Amino acid sequence: DTAVSQTPKYLVTQMGNDKSIKCEQNLGHDTMYWYKQDSKKFLKIMFSYNNKELIINETVPNRFSPKSPDKAHLNLHINSLELGDSAVYFCASSQPLASSYNEQFFGPGTRLTVL
Amino acid sequence: KQEVTQIPAALSVPEGENLVLNCSFTDSAIYNLQWFRQDPGKGLTSLLLIQSSQREQTSGRLNASLDKSSGRSTLYIAASQPGDSATYLCAVRPGYGNKLVFGAGTILRVKS
């Protein structure tokens, strides 16, 4: 009964490969996010989707392409992986900004290592 | 551009002490502020959410305050325990965007 789940938990791959990370939430939220936590543990927003529509793209390289097939899922596809993409990627969800209570809930993270 | 700073970067205290973690933000136009806990190699656990109209929130031994006009929040932990050892992250939701802006965190170690 995990609220926000991500797969895989760990991902080790070679430079130049294409990989995907999946995220699912069962909280009934309309808004989902991808955050990146770099080696210095600093968390930064990448994307935000509301009701399957992209509303934030925080100057992320276009090698990163989020896809939201429905409100409960937000997947992240990364093309031509680079060494600098190594990080922990967190998915999160919340009620929309207009909601009076929009606490964000985070998934367990996916640790991506690019060799 | 909103920036969030957390002080101290690291803190080590003996078990039983009361402690305060500080968070400051540069733009007072925020929608809310959220405190998280992150254990090593784990995800983020939401501790407290304070709406911009609120002054404080309490949950068990935790109390978070918000002074929006001065751009500050504090997380007070009473009677600290070794199980409180973790990284504590402060994040603000700017009034203009549907995202969280995070501080770098405070690494807390409670010694038994």
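All values reported here derive from a predicted model rather than from experimental measurement.

Draft legend 1. Inspection of the pattern of salt bridges at higher detail. All names here are of chain A. This structure, assessed with the given rule, holds 6 salt bridges over all chains. Residue Glu-82 is joined to Arg-63 by a salt bridge in which the shortest nitrogen-to-oxygen separation is 3.5 Å. Of the two residues, Glu-82 is situated in the loop between strand S8 (73-78) and strand S9 (87-94) and Arg-63 in the loop between strand S6 (53-57) and strand S7 (64-70); the sequence distance between them amounts to 19 residues. With relative accessibility at 42%, the residue Glu-82 sits in the partly exposed group. Under the relative-accessibility criterion, Arg-63 is labelled buried at 15%. Among the salt bridges present, the one from Asp-85 reaches Arg-63, with a minimum N-O distance of 2.8 Å. Residue Asp-85 is located in the loop between S8 and S9, and its partner Arg-63 is located in the loop between S6 and S7; the two are separated by 22 residues in the primary sequence. Each member of the pair, Asp-85 as well as Arg-63, carries the same accessibility label: buried. Counted as one network, the salt bridges with shared partners bring together Arg-63, Glu-82 and Asp-85.

Draft legend 2. Local environment of the nonpolar core. B:Leu33, B:Trp35, B:Leu75 and B:Tyr88 are the most contacted members of the largest nonpolar core, which totals 24 residues. Contributing elements (two or more residues each) for this core: strand S3 (19-25), strand S4 (30-38), strand S5 (44-51), strand S7 (62-67), strand S8 (72-77), strand S9 (86-94) and strand S11 (106-111) of chain B. Setting aside residues up to four positions removed in sequence, B:Leu33 forms contacts with B:Cys23, B:Phe25, B:Leu48, B:Leu49, B:Ile50, B:Leu66, B:Ser73, B:Cys90, B:Ala91 and B:Val92. Core analysis: the next-biggest nonpolar cluster, separate from the first, contains 20 residues, A:Ile21, A:Cys23, A:Met46 and A:Leu81 among them.

Basis of the calculations
- Residues numbered from 1 in each chain as written.
- Chains lettered and ligands numbered in written order.
- Predicted model: local features only at pLDDT ≥ 70, side-chain atom pairs only at ≥ 80, totals over all residues.
- Heavy atoms only, no water.
- Salt bridge = Lys/Arg side-chain N within 4 Å of Asp/Glu carboxyl O.
- Helix = DSSP H or I, 4+ residues; strand = E, 2+ residues; numbered from the N terminus.
- Buried < 20%, exposed > 50% of the residue type's maximum accessible area, 1.4 Å probe, protein only.
- Core = buried A, V, L, I, M, F, W, Y, C linked by side-chain atoms within 4.5 Å.
- Contact = heavy atoms within 4.5 Å.

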